Structures are given as C-alpha cells and as structure tokens.
Amino acid sequence: MSENELTTVHGTPVLVMPQDGPPLDTIEAATEVVGDAAWGPAEMVAMPAARLTDDFFELKTGMAGEVTQKFVNYRLRLAIVGDIESRVAESTSLRAWVTESNRGRQLWFVPTLDALAERLQP
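**A few points about the overall build of the chain**
Scanning the chain from N- to C-terminus turns up six helices and five strands. Going from the N terminus to the C terminus, the chain shows its helices and strands as β-β-α-β-α-α-β-α-α-β-α. Relative to the 2.2 N^0.38 estimate, which gives 14 Å for 122 residues, the radius of gyration of the chain is 13 Å and therefore close to what a compact globule would have. Once the C-alpha set of the chain is aligned to its principal axes, its extents read approximately 35 × 30 × 30 Å. The buried share of the chain, reckoned over its 122 residues, is 42%. When contacts within the chain are restricted to residue pairs at least 6 apart in sequence, those whose partners lie at least 24 apart make up 68%. Just so you have it, the chain exposes about 6,900 Å², and 49% of that area is on carbon and sulfur atoms.

Printed below as a string of structure tokens:
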C-alpha cells in the first residue's frame, strides 16, 4: 500500500491519498483521513474515486453528505479524483450534486490529478 503524499499545487497544500488504500466506507474512515490532513498544512484532500464505496454515490444513504460535512467542519477542501461518468449517467440527483459541487470551492469532482491542478491555478 502506498503512503499519503503531501504536495503543493499552485500554492495549495494537497494531501493526495493513494489509489490502493482502504475504502472510505464509514464516517470513522473519513474522520481518520481528516485527522491525517488536519495535523499538517493540507488545505485539500485528493481522494481517489475508486476508494469510495457505492454508498457514497447513492445519495439517499446520506454517506456523501456526512463525509463532505466532516471535511467542511475542519475547513478542508475535498477533491474526488477519478472517472465517475458511468455513475453520473445513472443518477440525475448525483449528476446535479456533482455539477453544483464543481461550481463551489469545498468539493470538486475531477477526472485526474492533472485536472485538479488546472482547477487550482490562480
């Protein structure tokens, strides 16, 4: 398993979570990630979409809202990195949430780390 990597992207400290880490499948797991980020200089966490479970993408479960709120409470931005197009195509509510989130600054859905770097450009 790879380690978390703290990097700076266009002046923003980003904690990049490894692709092969444990799933973010509980609020406790989200709290652990927040703890890893909050004890350092990170302002944003880049989480691979592959580490999120179906519960995150099925909005009726409330998991996505709880996870997102956990990051907001600690003033951490969250970027979900990876291809979620098939999930978005299957759910009108998920598509609307992704679109609205990408208009803001707290939660972004991006296909790659390069796309995240573009979004972080001043």
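**Focus on the pattern of salt bridges**
For the structure shown, the criterion picks out two salt bridges. Measuring nitrogen to oxygen at the nearest pair gives 2.9 Å for the salt bridge that ties Asp 54 to Arg 87. With Asp 54 in helix H2 (residues 54-57) and Arg 87 in helix H4 (residues 85-90), this residue pair connects regions lying 33 residues apart in the sequence. For Arg 103, the salt bridge identified is with Glu 100, shortest N-O distance 3.0 Å. Residue Arg 103 and its partner Glu 100 are both found in helix H5 (residues 92-103); the two are separated by three residues, about one turn of the helix.

**Section: the pairing of strand E4 (residues 77-81)**
A large share of E4 lies buried, amounting to five of its five residues. When strand E3 (residues 44-48) meets E4, the two strands line up parallel, connected through five bridges. Directly across from Val 45, in E4, lies its bridge partner Leu 78. Pairing between E4 and strand E5 (residues 107-110): four bridges, direction parallel. Looking at E5, one finds that Ala 79 is bridged to Trp 108.

**A few points about the packing of aromatic side chains**
A full pass over the atoms with the stated rule returns three aromatic pairs. Where Phe 56 meets Phe 57, the ring centres are 5.3 Å apart and the plane angle is 80°; that geometry is what we call edge-to-face. Comparing Phe 56 with Phe 57, the two get one shared label, buried. Measuring from ring centre to ring centre gives 5.4 Å for Trp 97 and Phe 109, while their planes differ by 70°; the resulting arrangement is edge-to-face. In this pair, Trp 97 is assigned in helix H5 and Phe 109 in strand E5, connecting sequence segments twelve residues apart.

Reading the values: the criteria
Residues numbered from 1 in each chain as written. Predicted model: local features only at pLDDT ≥ 70, side-chain atom pairs only at ≥ 80, totals over all residues. Heavy atoms only, no water. Helix = DSSP H or I, 4+ residues; strand = E, 2+ residues; numbered from the N terminus. Rg over C-alpha atoms; globule rule 2.2 N^0.38 Å. Buried < 20%, exposed > 50% of the residue type's maximum accessible area, 1.4 Å probe, protein only. Contact = heavy atoms within 4.5 Å. Areas by Shrake-Rupley, 256 points an atom, 1.4 Å probe, with all protein chains shown as cover. Salt bridge = Lys/Arg side-chain N within 4 Å of Asp/Glu carboxyl O. Pairing = 2+ DSSP bridges. Phe/Tyr/Trp six-rings, centres within 6.5 Å; stacked < 30°, edge-to-face > 60°.

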